[in-house]
Amino acid sequence: MTDPRYVPVPYRPERVAPEESARRLREDYAIAERRRTVRAFSTDPVPREAIEDAIRVAGTAPSGAHRQPWYFVAISDGDMKAKLREAAEREEREFYERRATPEWLDALAPLGTDFFKAHLTDAPWVIVVFRRDYEELPDGTRLKGYYLNESVGIAVGFLIAALHRAGLATLTHTPAPMTFLRELCGRPANEKPYLILPVGYPSDDCVVPDLSRKPLHEIAELR
Ligand code: IYR
């Protein structure tokens, strides 16, 4: 006997012909390949609808037991961004000057990063992503999430891809520790800060490291 809570409904997506699949994938790759992580943002505004629509896309990600263990706080308020930047720079200075191992600093050297985080106030939006470890029902019972990091990571992947397709740049930023973010955003104890994603347009003088991506044969094998 299957559980009465399992109530499947028909699913009949449009069947895409192989040639059309191929065409779409090539086009998608060409778009994806142009994405670069950006550290210098223009202060040009981005409409809030764009942020809402991109977060809607992120919310379609698969998740463990369909618990959807994510919460997004999108900040455009100048005071709040300034507070966020101040706290993040305090942590980052500590990281670069004390906490980071020589090996880690060496890995970061080609990326030209430092503790100065102007993007947190320059970017018109800063999305703080939270991982919700459990949900509390009105009667007090706790609904646990599963594969939390995997689920939120996939949602953030959807978010970054959607923003990029909309012509918006992002920076995947994970200051450590990020505990200050929960208080700053006024989020409850069952949510852990997962990452910060500044969103906007690259500044006119934006430069990026000269990187290349691993070719297919280095990242995959098909048997
Ligand atoms: N969180 C620091 C350091 C940093 C770490 C990694 I791994 C990067 O790919 C980039 C930066 C910072 O934001 O500067």
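Trainee: Please give an account of the site of the ligand that cites residues and values.
Mentor: All residues adjacent to the ligand are R39, E92, F95, Y96, W104, L108, L111, D114, K117, H173 and T174. In this structure, an oxygen atom belonging to the ligand sits 2.4 Å away from a side-chain N or O atom of Y96. Between an oxygen atom of the ligand and a side-chain N or O atom of H173, the distance comes to 3.3 Å. Expressed as a share of its isolated accessible area of 380 Å², the protein-covered part of the ligand is 71%. Of all elements in the fold, only helix 3 (78-99) and helix 4 (102-108) reach the threshold of two or more residues within the shell around the ligand. If you tally residues by element for the shell around the ligand, the top one is helix 3, at three residues. For the shell around the ligand, a count of residues per class yields five nonpolar, two polar and four charged.

Trainee: Just give me the short version of the environment of D122, but keep the residues and values in it.
Mentor: With respect to the helices and strands, the residue D122 is situated in helix 5 (residues 119-122). Here the alpha-carbon distance between D122 and T43, two residues 79 residues apart in the chain, equals 5.0 Å. Excluding anything up to four places from it in sequence, D122 contacts F41, S42 and T43.

Trainee: Can you lay out the packing of helix 2 (residues 48-58) against helix 6 (residues 148-165) for me, pointing to particular residues and giving the numbers?
Mentor: Between helix 2 and helix 6, the shortest axis-to-axis distance is 7 Å and the interhelical angle comes to 140°. When the axis of helix 2 is compared with that of helix 6, the two are oblique. When the axes of helix 2 and helix 6 are compared, the crossing they make is right-handed. Contacts between helix 2 and helix 6 involve A54, I55, V57 and A58 on the former and, on the latter, A155, F158, L159, A162 and L163.

Trainee: Describe the sheet that holds strand 1 (residues 70-75), with residues and values.
Mentor: Taken in spatial order, the four strands make up an open sheet running 1-2-6-5, and their pairing is antiparallel. The two strands at the open ends of the sheet, each matched to only one other strand, are strand 1 and strand 5 (169-170). In this structure, strand 1 lies alongside strand 2 (residues 125-132), joined through six bridges in antiparallel fashion. Its bridge partner being in strand 2, F72 is matched across the sheet by V129. Across the sheet, helix 2 touches strand 1, strand 2 and strand 6 (191-200), and the angle it forms with strand 1 is around 165°.

Trainee: Explain the packing of aromatic side chains residue by residue, including any values.
Mentor: Within the structure shown, the criterion is met by two aromatic pairs. Ring geometry for F95 versus Y96: centroids 5.0 Å apart, planes at 90°, classification edge-to-face. We classify F95 as buried; its relative accessible area is 11%. Taking 4.8 Å as the distance between ring centres and 85° as the angle between the ring planes, the aromatic pair formed by F95 and W104 counts as edge-to-face. Here a set of aromatic residues connected by ring pairs shows up, and it is made of F95, Y96 and W104. Across from the ring centre of Y71, 3.6 Å away, lies the NZ or CZ of R187, which sits over that ring.

Trainee: I'd like to hear about the environment of Y146, residue by residue, with values.
Mentor: Positionally, Y146 belongs in the loop between strand 4 (142-144) and helix 6. Counting along the chain gives 82 residues from Y146 to G64, while the straight-line C-alpha distance between them is 4.7 Å.

Trainee: Please give an account of a nonpolar patch on the surface that cites residues and values.
Mentor: Together, V57, I154 and F158 make up an exposed nonpolar region whose accessible area comes to about 200 Å². For V57, the position within the fold is in helix 2. Residue V57 is classed as partly exposed on the basis of its relative accessible area, which comes to 35%.

Trainee: Tell me about the nonpolar core, and name the residues and values.
Mentor: As a rule of thumb, soluble globular proteins bury nonpolar side chains together. F72, I127 and L159 are the most contacted members of the largest nonpolar core, which has 21 residues in total. For this core, the elements supplying multiple residues, two or more each, are helix 2, strand 1, strand 2, helix 6 and strand 6. Filtering out sequence-adjacent residues up to four positions away, F72 remains in contact with I55, A58, I127, V128, V129, A155 and L159.

Trainee: Tell me what's going on with the pattern of salt bridges, and back it up with residues and numbers.
Mentor: As enumerated under the stated definition, the model contains 22 salt bridges in all. Residue R24 pairs with E14 through a salt bridge whose shortest N-O separation is 3.6 Å. Residue R24 is located in helix 1 (residues 18-33), and its partner E14 is located in the segment before helix 1; the two are separated by ten residues in the primary sequence. A residue is classified by how much of its surface remains accessible, and E14, at 61% relative accessible area, is exposed. In this structure, a network of salt bridges that share partners links the residues E14, E20, R23, R24 and E27.

Rules and cut-offs
Residues numbered from 1 in each chain as written. Predicted model: local features only at pLDDT ≥ 70, side-chain atom pairs only at ≥ 80, totals over all residues. Heavy atoms only, no water. Near = heavy atom within 4 Å. Polar contact = N/O pair within 3.5 Å; in protein donor to acceptor, adjacent residues only side chain to side chain. Areas by Shrake-Rupley, 256 points an atom, 1.4 Å probe, with all protein chains shown as cover. Helix = DSSP H or I, 4+ residues; strand = E, 2+ residues; numbered from the N terminus. Nonpolar A, V, L, I, M, F, W, Y, C, P; charged D, E, K, R; others polar. Contact = heavy atoms within 4.5 Å. Axes fitted to C-alpha atoms, helices over the stretch in contact; angles between N-to-C directions. Parallel < 35°, antiparallel > 145°, perpendicular 65-115°, else oblique. Left-handed = near helix turned anticlockwise from the far one by under 90°. Pairing = 2+ DSSP bridges. Phe/Tyr/Trp six-rings, centres within 6.5 Å; stacked < 30°, edge-to-face > 60°. Buried < 20%, exposed > 50% of the residue type's maximum accessible area, 1.4 Å probe, protein only. Lys NZ or Arg CZ within 6 Å of the ring centre and 35° of its normal. Patch = residues over 30% accessible without salt bridge, like charges linked within 9 Å, V, L, I, M, F, W, Y side chains within 5 Å. Salt bridge = Lys/Arg side-chain N within 4 Å of Asp/Glu carboxyl O. Core = buried A, V, L, I, M, F, W, Y, C linked by side-chain atoms within 4.5 Å.

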